[in-house]
Amino acid sequence: MASSSSSGLTFKLHPLVIVNISDHYTRVKSQLNLPPSLTSTSSAATSNNNNNNSNGGENNQQKPPRVYGCVIGVQRGRTVEIFNSFELIYDPSTRSLDRSFLEKKQELYKKVFPHFYVLGWYSTGSDAQESDMHFHKALMDINESPLYVLLNPAINPAQKDLPVTIYESELHVIDGVPQLIFVRSSYTIETVEAERISVDHVAHLKPSGGSAATQLAAQLTGIHSAIKMLNSRIRVVHQYLVGMQKGDIPCESSLLRQVSSLLRRLPAIESEKFQDDLLMEYKDTLLITYLAMFTNCSSTMNELVDKFNTAYDRHSRRGGRTAFI
Amino acid sequence: MNSVEGLVNQIQGLSTTASDVLSLQKLLKQADDSLHAESTRLLPFLDQLDPSKHSLGYLYFLEACTAGPVTKEQAGSYVLMIARFITSCIAEQIRLAPDKFITVCKRFKDQVLLLEEPLRGVAPMLTAIRKLQSSSEHLTALHPEFLLLCLLSRCYKAGLSILEEDVFEVDQPRDLFLFCYYGGMISIGKKWFRKALELLHNVVTAPMSTINAIAVEAFKKYILVSLIHHGQSPTNLPKYASSVAQRNLKNLCQPYIELANSYSNGKIADIETYVEANKDKFESDNNLGLVKQAVSSMYKRNIQRLTQTYLTLSLQDIANRVQLNSPKEAEMHVLQMIKDGEIYATINQKDGMVRFLEDPEQYKTCEMIEHIDSSIQRLMTLSKKLNGLDELMSCDPLYLLKAGRERQRFDFDDFDNVPQRFNI
């Protein structure tokens, strides 16, 4: 059911939507508490509230739950920008959509974001399915051409792209019968500064224990790689200029002009006061690092000496831990 | 005789490649006793061997030669021979038989002392150390011998290069004690009191299972040097000193402790009377010079105390407060201290006023930054070494035994009402 869309619309997806969908899915999944050894009765007991699964107990263990919701945003001309999303309760087996809830939510969002419209809906899964078309059609009275955002929750470490696909519906003639089918569309990710910061924060908190040290190391690694890249680019320019000087490469004045204008932008500030302040700050940072290293070393040394004394000192004093009360 | 000649031939033949040298070493080990038996007649054979090529064989022969008692005339020729050998031998071959080499060098030192020309031994001994060391962080048994020669010949500068290196590996604990003690004495001789304090501190806080004389002597000097350098005596040994040292050292150095106590009172007259009273004790320890230096440093200490109270002071006032005889003497003292960088002040000669200033160092210069940077680098390497040592220590079975035993007793989670072992 996928081929590339021909509608000519450009889609822009905000990361908030992706985070929302993933959060919804994770929440439902963890509340469902899906260990493999769980018996059917207890799983039926836990699977009562907050899940959107169609069937009863046994199915919960095999299939991960699917979650549903709406996406909202703005459409300006040919650009569709998806800003936010909210959750819905939908039961695909009975195909019952809670309309009143949807309308109430719409009203609330309208009050806060008057420009946003319901652009479509989202769900989780590996691929778009036939049953999704019903939901799609149900939404068509709100938006004549809704979008379908699909998130694949399976974690594939080899995969480089985001596991998010956006589908549009198109009317195609298949076997003489006009049918609506899903066609894939491409999209770009668009962020606002505030969003970028929070997403960055969330992204760096999670992996490898997420201690403060890891965050600091991650930030410094970022700066380090940026500087490395700058260094390599400068080397390329340098090599180019040397080659030009030797005569291996033909002279190109426009490039030379660009290089010279770049060079003339540095140094940005040059004054004695600046040098003074720079050295002061540099010295302060160095001293703090020195102090940190010192403390680190001293504590290691202290532990080492303690261990040594415990092991080898014949009449070691145990510092007050002599009598057993 | 035949065996010795055969040995000489084998040495000449087998001294080229590394594997040959190894097999040669086995042969020599077996023939060692026979060599010692013929020690008196080995001298002419030494001429057939070339020390720069047949170092291992030459070493064995030399060691057997010098084994017996040595007269003064023989000592002269031996000294020349050994010095030539040390300068020309091959380091890799020597390291195969380190104890023999150490014995030869020690005999060399004895002979040099017998001839009463310690200066002749300084340079060859330094070369010997460099050839024996596997790395610059390795302390061999030759280090203290070398420092002793430096001390006796008053050639302090030569010992400097050895003292500057950081030591991480030690062969024998006695080497470390002697090395640090002699090093401390050399530093005192050159008036590098900070370095002396560091070295003597190492002796006093080194791990020891029983008290030893080197530590006692070092502690006496340690008290005196810290009085000169810091103006305070070390009241308690740090926690990481061995318990043996903490208990016994103070009792064995009683006069020095009392000297330190009267120093802290600040009255010059008291301390001078005390020194007069116990002069012979200090003299018998060869510490009288140091004691006199400590007493004279008291003036410095008092002047420094003045900088903390006053911004300006007249020379006459200084002389009165510090119990000096005249303003001229006070001016001399202050001038000397400014030159040594111990205080920051300006003397106004017109009205005889001294104005005390703050430390002008802003630490903003590039040199200072480089200095800090290099210190950080040094600390990083040290930290890595420490972590390695710590891991080694954690796996030590003796430590695990004792640590495990303790933890079992004092784990309150499984608190037992009946104690396993009752200690009173």
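Below you will find a few notes about this structure. Here the structure is a predicted model, which means the values were calculated and not measured.

### Some remarks on the overall build of chain B
Then comes step 1: Helix and strand counts for chain B stand at 22 helices and five strands.
Then comes step 2: Every one of the 424 residues in chain B was classed for burial, and the buried ones make up 46%.
Then comes step 3: Counting contacts in chain B only where the partners sit at least 6 residues apart, residues at least 24 apart contribute 65% of the total.

### Side note on the layout of surface pockets
Then comes step 1: Considered as a void within the structure, the largest pocket measures approximately 2800 Å³ in volume.
Then comes step 2: Considering the residues around the largest pocket, the lining is formed by 49 residues, among which Met301 of chain A together with Val167, Phe168, Asn202 and Leu382 of chain B are closest to the centre.
Then comes step 3: Where the lining of the largest pocket is concerned, the elements lending two or more residues are helix 9 (272-312) of chain A together with helix 10 (156-164), strand 2 (169-170), helix 11 (173-189), helix 12 (193-205) and helix 21 (366-394) of chain B.
Then comes step 4: If one sorts the elements of the lining of the largest pocket by residue count, helix 21 of chain B sits on top with 11 residues.
Then comes step 5: Residue composition of the lining of the largest pocket, grouped by class: 27 nonpolar, 10 polar and 12 charged.
Then comes step 6: A volume near 970 Å³ is recorded for the second largest pocket.
Then comes step 7: Residue lining of the second largest pocket: 25 residues in total, with Ile18, Ser22, Leu151, Ile155 and Pro163 of chain A positioned closest to the centre.
Then comes step 8: Sort the elements by how many residues they give to the lining of the second largest pocket and helix 1 (residues 15-32) of chain A lands first, with eight residues.

### Quick word on the environment of Tyr109 of chain A
Then comes step 1: Mapped onto the secondary structure, Tyr109 of chain A falls in helix 4 (residues 99-112).
Then comes step 2: For the pair formed by Tyr109 of chain A and Ile72 of chain A, sequence separation is 37 residues and the distance between their alpha carbons is 9.1 Å.

### A short note on the sheet that holds strand 3 (residues 312-314) of chain B
Neighbouring strands of a sheet are bound in pairs by backbone hydrogen bonds; such pairs are parallel or else antiparallel.
Residue and element names in this part refer to chain B.
Then comes step 1: One open sheet accounts for three strands, arranged 3-5-4; its pairing is antiparallel. Since the sheet does not close on itself, it has two edges, and those belong to strand 3 and strand 4 (345-348), each with one partner. Averaged over all pairs of adjacent strands, the angle between their axes in this sheet comes to 20 degrees, without regard to strand direction.
Then comes step 2: Sheet analysis places strand 3 next to strand 5 (residues 353-356), joined by three bridges and oriented antiparallel. In the strand pairing of strand 5, Leu313 is matched with Val354.
Then comes step 3: Contacting strand 4 and strand 5, helix 20 (residues 327-340) crosses the sheet at an angle of about 145 degrees to strand 4.

### Focus: the packing of aromatic side chains
Then comes step 1: Taken as a whole and assessed by the stated rule, the structure comprises 16 aromatic pairs over all chains.
Then comes step 2: A ring pair is formed by Trp121 of chain A and Tyr148 of chain A, whose centres lie 4.1 Å apart and whose planes are at 5 degrees; its orientation type is stacked. Here the residue Trp121 of chain A occupies a position in strand 6 (residues 117-124), and Tyr148 of chain A occupies one in strand 7 (residues 147-151), the gap between them amounting to 27 residues.
Then comes step 3: Grouped by ring-pair contacts, the aromatic residues Tyr68, Trp121, Phe135, Tyr148, Tyr167 and Phe182 of chain A constitute a single cluster.
Then comes step 4: One cation-aromatic arrangement involves Lys110 of chain A over Tyr117 of chain A; the distance from NZ or CZ to the ring centre is 4.0 Å.
Then comes step 5: Lying over the aromatic face of Phe168 of chain B, Lys385 of chain B brings its terminal NZ or CZ to 4.3 Å of the ring centre.

### A few points about the pairing of strand 4 of chain B
Residues and elements named next belong to chain B.
Then comes step 1: Inspection of the sheet shows strand 4 paired to strand 5 by four bridges, in the antiparallel sense. By the bridge assignment for strand 5, Asn348 is matched with Met353.
Then comes step 2: Taking the residues that link successive antiparallel strands as the turn, the strand 4-strand 5 hairpin has four residues, and the phi of Gly352 there is positive, at about 65 degrees.

### What about the pairing of strand 6 of chain A?
Residue and element names in this part refer to chain A.
Then comes step 1: Buried residues dominate strand 6, accounting for seven of its eight residues.
Then comes step 2: Of the pairings in the sheet, the one linking strand 2 (residues 68-76) to strand 6 comprises six bridges and is antiparallel in character. Following the sheet pairing, Cys70 is matched in strand 6 by Trp121.
Then comes step 3: Relative to strand 7, strand 6 is paired through five bridges, and the arrangement is parallel. In the sheet register, Gly120 faces strand 7, and the bridge partner there is Leu147.

### What to know about the packing of helix 18 (residues 288-309) of chain B against helix 20 of chain B
All names here are of chain B.
Then comes step 1: Orientation of helix 18 relative to helix 20, taken along the N-to-C sense of each, is 80 degrees, at an axis distance of 11 Å. Here helix 18 is positioned roughly perpendicular relative to helix 20, judged by the angle of their axes. On helix 20, the residues touching Tyr299, Lys300, Ile303 and Gln304 of helix 18 are His333, Val334 and Met337.
Then comes step 2: For the contact of helix 18 with helix 20, the residue count by class is four nonpolar, two polar and one charged.

### Some words on the sheet that holds strand 9 (residues 177-185) of chain A
All names here are of chain A.
Then comes step 1: The eight strands lie next to each other as 9-8-7-6-2-3-1-10, forming an open sheet whose pairing is mixed. Of all the strands in the sheet, just strand 9 and strand 10 (187-189) have a single pairing partner and so form its edges. For this sheet, the mean inter-axis angle between neighbouring strands, taken without regard to orientation, is 35 degrees.
Then comes step 2: Sheet strands touched by helix 4: strand 2, strand 3 (79-88) and strand 6. Its angle to strand 3, the strand with the most contacts, is close to 125 degrees.
Then comes step 3: In this fold helix 5 (residues 132-139) packs onto strand 2, strand 3, strand 6, strand 7, strand 8 (164-174) and strand 9, with an angle of close to 95 degrees to the strand it touches most, strand 9.

### Notes on the nonpolar core
Then comes step 1: With 122 residues, the main nonpolar core has Phe61, Phe85, Phe101, Leu142, Phe146, Phe219 and Ile318 of chain B as its most contacted residues.
Then comes step 2: At 11 residues, helix 13 (residues 213-230) of chain B tops the list of elements feeding residues into this core.
Then comes step 3: What Phe146 of chain B contacts, discounting residues up to four positions off in sequence, is Val122, Met125, Leu126, Ile129, Ala158, Gly159 and Ile162 of chain B.
Then comes step 4: Formed by 21 residues, the second largest nonpolar core is a distinct cluster that contains Ile72, Val74, Phe116 and Trp121 of chain A.

### Digging into the packing of helix 15 (residues 254-265) of chain B against helix 18 of chain B
Residues and elements named next belong to chain B.
Then comes step 1: Following both chains from N to C, one finds helix 15 and helix 18 inclined at 20 degrees, their axes separated by 11 Å at the closest point. In terms of axis orientation, helix 15 runs roughly parallel to helix 18. In this structure, the crossing between helix 15 and helix 18 has a hand that is right-handed. Contacts between helix 15 and helix 18 involve Leu259, Ser262 and Tyr263 from the former and Val291, Ala294, Ser297, Met298 and Arg301 from the latter.

### Notes on unusual backbone geometry
Residue and element names in this part refer to chain A.
Then comes step 1: Positive phi outside glycine occurs at Asp175, with the angle close to 55 degrees.
Then comes step 2: Note on placement: Asp175 falls in the loop between strand 8 and strand 9.
Then comes step 3: On the basis of relative accessible area, Asp175 is assigned to the exposed category, the value being 75%.

What counts and how
Residues numbered from 1 in each chain as written. Chains lettered and ligands numbered in written order. Predicted model: local features only at pLDDT ≥ 70, side-chain atom pairs only at ≥ 80, totals over all residues. Heavy atoms only, no water. Helix = DSSP H or I, 4+ residues; strand = E, 2+ residues; numbered from the N terminus. Buried < 20%, exposed > 50% of the residue type's maximum accessible area, 1.4 Å probe, protein only. Contact = heavy atoms within 4.5 Å. 1 Å grid on protein atoms, 1.4 Å probe; cavity = no way out; pocket = protein on both sides within 12 Å on 5 of 7 lines; lining within 4 Å. Points joined across faces, edges and corners; volume = space filled by probe spheres on them. Nonpolar A, V, L, I, M, F, W, Y, C, P; charged D, E, K, R; others polar. Pairing = 2+ DSSP bridges. Axes fitted to C-alpha atoms, helices over the stretch in contact; angles between N-to-C directions. Phe/Tyr/Trp six-rings, centres within 6.5 Å; stacked < 30°, edge-to-face > 60°. Lys NZ or Arg CZ within 6 Å of the ring centre and 35° of its normal. Parallel < 35°, antiparallel > 145°, perpendicular 65-115°, else oblique. Core = buried A, V, L, I, M, F, W, Y, C linked by side-chain atoms within 4.5 Å. Left-handed = near helix turned anticlockwise from the far one by under 90°.

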